[in-house]
Every structure is written in C-alpha cells, then in structure tokens.
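Structural overview
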Amino acid sequence: MREVLAAPWHTHARAQVAAVHAALRPGDVLVGDRAFCSFAHLALLRQPALHAVLRVHQKQIVDVTPAHPHTTPKARAAQKGLPRSRWLRPLGVTDQLVAWVKPVRLPVHPPAWLTPELFAALPETLGVRELRYRVAQAGFRTPKR
C-alpha cells in the first residue's frame, strides 16, 4: 500500500515528522527527501523494524573509500572535510556499511520535533547502509551548483 502525506505550502518536512512516523507500520519503507535523513529519524525508524530510502543531507560528507578516515561528532574536535560516519565494511564498490554516531549538541538540545527524553533514549550509534549512484538520464538529477 502506498500512502502520501501532504503538507501546507511553505511547510518544512520536519514539521510533519510525527504524522509520518505515526502512519508507519513494521516492515514499511519510508521514501523521503533530504529533510528526513538525520540520525534521529533513522534511529526512530529502526525501533519498530521500519526501513527508509533517503537522500543524504547536502551538508553530510559521504566517503565510499574502504576504511576511510572519519572525525568525531564532538563539536570542538570535529575536523572539516571528513565524514562523521565510521566505516565498518564494504557491501559493494560504492556500497558500504557505516556507523553513524549520535550528534553531540552543546548544550544538549534535541531537534525541535523530539522530546529531550526520547532523544536521550536513542542509541549512541546506528548502523547505516550508504551507497553512491549516478543517474545518467538527462533531466533526472539535481544540477551541481
């Protein structure tokens, strides 16, 4: 079954997170845009055995090089230009399993749509499958800027 959530004009997808999560059942697959690709969203989807296909947020660095170096999520220790995900193992040439680490916010604030208690209960790490692909058909990809 396919279900679509419509939002009022000029409403960000984050405002609809609770409604999206409430509509999902175990085994469902959420297909969403970059706004849904965050540690908190993925951790919440994992708990009731849900799956998601999401494009990575434009500010997140993805490196599909085996055993790539990574930085820590701590605000002061983060190194620019390195991914925050820790490489675990390859699943293909441009397909890998990585560990995402729970974000550290100083002072600790959860996302606006998440209660502090629920954010604190999220796991410290999350196994995520990342893959890189190319869309070769003209007009079917976001232009590089």
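Throughout what follows, the structure given in this document is the object of discussion.

Cut-offs applied
- Residues numbered from 1 in each chain as written.
- Predicted model: local features only at pLDDT ≥ 70, side-chain atom pairs only at ≥ 80, totals over all residues.
- Heavy atoms only, no water.
- Helix = DSSP H or I, 4+ residues; strand = E, 2+ residues; numbered from the N terminus.
- Buried < 20%, exposed > 50% of the residue type's maximum accessible area, 1.4 Å probe, protein only.
- Contact = heavy atoms within 4.5 Å.
- Areas by Shrake-Rupley, 256 points an atom, 1.4 Å probe, with all protein chains shown as cover.
- Pairing = 2+ DSSP bridges.
- Axes fitted to C-alpha atoms, helices over the stretch in contact; angles between N-to-C directions.
- Core = buried A, V, L, I, M, F, W, Y, C linked by side-chain atoms within 4.5 Å.
- Salt bridge = Lys/Arg side-chain N within 4 Å of Asp/Glu carboxyl O.

**Quick word on the overall build of the protein chain**
A tally of regular secondary structure across the protein chain gives three helices and five strands. N-terminal to C-terminal, the α/β element order of the protein chain is α-β-α-β-β-β-α-β. Across the 145 residues that make up the protein chain, the buried fraction comes to 25%. Counted over contacts in the protein chain with a minimum sequence separation of 6, partners at least 24 positions apart contribute 45%. Of the roughly 10,500 Å² that the protein chain leaves accessible, carbon and sulfur atoms contribute 58%.

**Overview of the sheet that holds strand 4 (residues 95-101)**
The strand order across the open sheet formed by three strands is 3-4-5, and the pairing between neighbours is antiparallel. At either end of the open sheet lies a strand with only one pairing partner, and these are strand 3 (86-92) and strand 5 (125-131). Taken pair by pair, the neighbouring strands of this sheet meet at an average axis angle of 25°, ignoring direction. Bridge count for strand 4 against strand 5 is seven bridges, and the pairing is antiparallel. Bridge pairing in strand 5 places valine 101 opposite threonine 125.

**Quick notes on the nonpolar core**
General note: in soluble globular proteins, nonpolar side chains tend to be found buried as a group. Of all hydrophobic cores here, the largest spans 21 residues; its most connected members are Leu42, Trp100, Leu122 and Leu126. Only helix 1 (17-23), helix 2 (39-46), strand 4 and strand 5 provide two or more residues apiece to this core. The element best represented in this core is helix 2, accounting for six residues. Excluding its chain neighbours within four sequence positions, the residues that come into contact with tryptophan 100 are Cys37, Ser38, Phe39, Leu42, Gln60, Ser85, Glu124, Thr125, Leu126, Val128 and Glu130.

**Side note on the pattern of salt bridges**
All chains considered together, the criterion is met by two salt bridges. Note that aspartate 95 is salt-bridged to arginine 129, the shortest N-O span being 2.4 Å. Of the two residues, aspartate 95 is situated in strand 4 and arginine 129 in strand 5; the sequence distance between them amounts to 34 residues. Residue classification places arginine 129 among the exposed positions, given a relative accessible area of 55%. The salt bridge partner of glutamate 124 is lysine 102, with a shortest N-O separation of 3.8 Å. Highlighted residues: glutamate 124 in the loop between helix 3 (116-121) and strand 5 and lysine 102 in the loop between strand 4 and helix 3, separated in sequence by 22 residues. Taking the relative accessible area as the measure of exposure, lysine 102 reaches 8% and is therefore buried.

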